[in-house]
Amino acid sequence: MTSEVSQPESLAQPAKHHAWLRHSDQPPLADTFRTIPVRANASGWRRFMAFVGPGYLVAVGYMDPGNWATSLAGGSQFGYTLLSVALLSNIMAILLQSLCARLAIATGKDLAQACRDAFPRWASWPLWALAELAICATDLAEVIGTAIGLNLIFGIPLEIGILITTLDVFLILWLQTKGFRWIEAFIIALLGVIAACFIVQIAMADPDWGQVIRGFAPTTDIVTNPDMLYLALGIIGATVMPHNLYLHSGIIQTRAYGHTLPEKKEALRFATWDSSIALMLALGINASILILAAATFHASGQYVDDLGTAHEMLLPLLGHAVAPTLFGIALLCCGLNSTVTATMAGQIVMEGFIDIKMVAWARRLITRLVAIVPAIVVILWAGEAQLGQLLILSQVVLSLQLPFAVVPLVMFTASKTKMGELVAPRWVIGFAAVVAALIIALNLKLIFDFVTGAMG
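The model shown is predicted, which means the values in this text are computed figures rather than measured ones.

Student: Any chance you could explain the packing of helix 7 (residues 124-154) against helix 17 (residues 322-354) here in plain terms?
Tutor: Relative orientation and spacing of two packed helices are given, respectively, by the angle between their axes and the distance between those axes. Two elements in contact, helix 7 and helix 17, have axes separated by 8 Å at closest approach and are oriented at 165°. On the basis of their axis angle, the class for helix 7 and helix 17 is roughly antiparallel. The two elements helix 7 and helix 17 cross, and the hand of that crossing is left-handed. In terms of residue class, the contact of helix 7 with helix 17 is built from 20 nonpolar, 9 polar and 3 charged.

And the structure:
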């Protein structure tokens, strides 16, 4: 039960009516909206624990197979140096995700709804189409990652593994019948497995911890070395995924945090802590991939940017048969986790932009088929070796959508008329604007390199 402390209407409804062209009739994820209570008479710790969960669903998007490939390449080629870039990327992600929570708590809208309600009606359809394209690209990366994980662990051919990934529809449907807390528990449990796998692998690799610590300190070599700069741009440019911004602004509203200004401020504080801690876990996992590559491949003078090759080389380099198995298990867990979050993001985007509702299994099946078809075609036509290029293409598609998610987010959270008392401080908006400009510039460079053939 939430507290019912009375407050002036202006505080309970901080976003003035004239701030929006229209208002959403349905809350985001209506079937789970405010289903998790935040008890007013509980201790501060228990109230905080009520908010733990959404951040971990968001963190999943920061450790997808595209990030794995980039971290492997960076660690194997330049050792521990690019750890500082991974840290910088994570700081950017923490800032933008905190703005997502702020938007949701202040306005009661997710980012897709806010775009629909703030912009002319004709703009909703192209914005929706771009967001859907990005989600399909995200799903494509998950399909490839999950199939590679099944191949590494069980020896299942990639084309068969891709078809098997359609079965996750039933897993997601079962979790949804159990309640939103079950979905969060599933995600957190798999993140725990991933973390445990890398802890064991790093212990086997025995990295130079002094070099690891120094790797988190920026160096001018990142700017002066063109090859290092290129990989650094790749790490930063692939950090923020558009679907995560829509996702976080929707799932934070599963908490029944109350309507008064003090309750909303507390909710914002707890939600920010949740996402920040979860993203630090994501940083730990991404850094672990880079550290593992540095301690094994870089130390032996070998450059690796392919997941399958990395798996094959771990056994002779580490001397433990369990090492490649742990690598495959972690990759498979990442793929399974991502399927859940991509499905929710797709629901938020479809309902938010164009107010169309679709049953969960149909929504998931359509999205998955859009990802499976190109993956199967590439394997049958060009061979398994071209899956890496397909993974790069998925990252380019995500880059195209990014400005259409980041720019509105910064615009909305900077608006006093839309956010009321929870408008973001000017220094936060200034920092966010710089971060948004940097990420967009890096993603535009990624697109340019892909078009001109400079990538891969």
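Picking up after the structure, the text goes on.
Student: Would you mind going over the packing of aromatic side chains with me for this structure?
Tutor: Applying the stated criterion to the full structure yields 9 aromatic pairs. These aromatic residues form a ring-pair network of at least three members: Trp-45, Phe-48, Phe-51 and Phe-270. Above the ring of Trp-182, the side-chain terminus of Lys-178 is found at 5.4 Å from the ring centroid.

Student: Would you mind going over the packing of helix 15 (residues 261-298) against helix 16 (residues 307-318) with me for this structure?
Tutor: Packing of helix 15 against helix 16 brings their axes to within 10 Å, and their N-to-C directions diverge by 60°. Classified by the angle their axes make, helix 15 and helix 16 are oblique. Every pair of crossing elements has a handedness; the one defined by helix 15 and helix 16 is left-handed. Contacts between helix 15 and helix 16 pair Leu-292, Thr-296 and Phe-297 from the former with Ala-310, Met-313, Leu-314, Leu-317 and Leu-318 from the latter. Of the residues that constitute the contact of helix 15 with helix 16, the class distribution is 7 nonpolar, 1 polar and no charged.

Student: I'm lost on the environment of Ser-124 in this one. Help?
Tutor: Inspection of the secondary structure puts Ser-124 in helix 7. Considering only alpha carbons, one finds Ser-124 and Phe-353, 229 residues apart in sequence, at a separation of 5.6 Å. Contact partners of Ser-124, with chain neighbours within four places excluded, come to Arg-116, Phe-353 and Ile-354.

Student: What's the story with a nonpolar patch on the surface in this structure? I'm lost.
Tutor: Together, Ile-160, Leu-163, Ile-164, Leu-167 and Phe-170 line one region of the surface with nonpolar side chains, adding up to about 480 Å² of accessible area. Considering each element in turn, the nonpolar patch owes the most residues, 3 residues, to helix 8 (residues 158-164). Among the structural elements, Ile-160 can be located in helix 8. According to the relative accessible area criterion, Ile-160 is partly exposed, its value standing at 40%.

Student: I'm lost on the nonpolar core in this one. Help?
Tutor: The nonpolar side chains of a soluble globular protein tend to be buried, and buried together. Residues Leu-82 and Phe-353 are the most contacted members of the largest nonpolar core, which totals 141 residues. A per-element tally of this core places helix 15 first, with 18 residues. Ignoring sequence-local partners within four residues, the contact set of Phe-353 consists of Ala-112, Cys-115, Arg-116, Ser-124, Leu-127, Trp-128, Ala-131 and Tyr-246. Residues Ala-137, Met-241, Val-397 and Leu-398 belong to the second largest nonpolar core, which totals 5 residues.

Student: Sorry, what's going on with helix 16 here?
Tutor: Helical periodicity: at 3.6 residues per turn, an α-helix aligns residues three or four positions apart in one direction. Between its first and last C-alpha atoms helix 16 spans 16 Å; for 12 residues at 1.5 Å apiece the expected length is 16 Å, and the two agree. Within the sequence span of helix 16, burial applies to Leu-307, Gly-308, Ala-310, His-311, Met-313, Leu-314 and Leu-318. Two residues or fewer after helix 16 comes Gly-319, characterised by a positive phi angle close to 75°.

Student: What am I meant to see in helix 5 (residues 83-107) here?
Tutor: Taking 1.5 Å per residue, 25 residues should reach 36 Å; helix 5 reaches 37 Å between its end C-alpha atoms and fits that length. Burial runs high along helix 5: 22 of the 25 residues are buried. In the stretch just after helix 5, Gly-108 is the one whose phi turns positive, near 75°.

Student: In this structure, what is going on with the confidence of the model for the protein chain? I would like to understand it.
Tutor: Predicted coordinates in areas of low pLDDT are best not read in detail. Chain-level pLDDT for the protein chain is 83 on average; 88% of the residues reach the 70-or-more range. pLDDT under 50 marks residues 1-15. Its contacts with residues more than four places away, or in other chains, come to 28 contacts.

Student: Help me understand unusual backbone geometry in this model?
Tutor: A negative phi angle is the norm for most residues apart from glycine, just as the trans form is the norm for most peptide bonds. A positive phi angle, close to 45°, is found at Leu-29, a residue other than glycine. With respect to the secondary-structure elements, Leu-29 resides in the loop between helix 1 (9-12) and strand 1 (36-37). Even without a glycine there, the phi angle at Asp-206 is positive, about 50°. Of the residues examined, Asp-206 reaches a relative accessible area of 59% and is grouped as exposed.

Basis of the calculations
Sequence order sets the numbering: in each chain, residues are counted from 1 along the sequence as written. In keeping with the predicted nature of the model, local features appear solely for residues at pLDDT of at least 70, side-chain atom pairs appear and are counted solely at 80 or more, and the whole-chain, interface and lining totals rest on all residues. Heavy atoms from the whole structure form the basis of all side-chain values; hydrogens and water molecules are not counted. Between N-to-C directions, angles cover 0 to 180 degrees, with each direction set by a line fitted to C-alpha atoms, over the stretch in contact for helices. Helical segments are the DSSP runs of H or I of at least four residues, strand segments are the runs of E of at least two, and each set is numbered from the N terminus. Roughly parallel refers to an angle under 35 degrees, roughly antiparallel to one over 145, roughly perpendicular to one between 65 and 115, and oblique to any angle outside these ranges. Here a crossing is called left-handed whenever its near helix is offset anticlockwise from the far helix by less than a right angle, and right-handed whenever the offset is clockwise. Gly is put with the polar residues, along with every residue not named as nonpolar or charged; the nonpolar set is Ala, Val, Leu, Ile, Met, Phe, Trp, Tyr, Cys and Pro, and the charged set is Asp, Glu, Lys and Arg. Here a pair means two rings of Phe, Tyr or Trp (six-membered ring of Trp) with centres within 6.5 Å. Their orientation is stacked below 30 degrees between planes, edge-to-face above 60, and tilted elsewhere. Here, a charge over a ring is recorded when the distance from Lys NZ or Arg CZ to the ring centre is within 6 Å and its angle to the ring normal is within 35 degrees. Working rule for contacts: check all heavy atoms of both residues, and any pair within 4.5 Å makes them a contact. Only residues whose relative accessible area exceeds 30% and that take part in no salt bridge are eligible for patches, with like-charged residues grouped when within 9 Å of each other and nonpolar side chains (Val, Leu, Ile, Met, Phe, Trp, Tyr) grouped when within 5 Å. Per-residue accessibility takes into account occlusion by the displayed protein chains alone, with areas from the Shrake-Rupley method and a 1.4 Å probe. Salt-bridge detection follows one rule: a side-chain nitrogen of Lys or Arg within 4 Å of a carboxyl oxygen of Asp or Glu. Think of it in three bands: with a 1.4 Å probe and only protein chains considered, a residue is buried below 20% of the maximum accessible area for its type, exposed above 50%, and partly exposed in between. For the purposes of this section, nonpolar cores are sets of buried Ala, Val, Leu, Ile, Met, Phe, Trp, Tyr and Cys residues that join through side-chain atoms within 4.5 Å. By this rule, a helix spans an expected 1.5 Å times one less than how many residues it contains. Confidence of the prediction at every residue is given by pLDDT, a number between 0 and 100.

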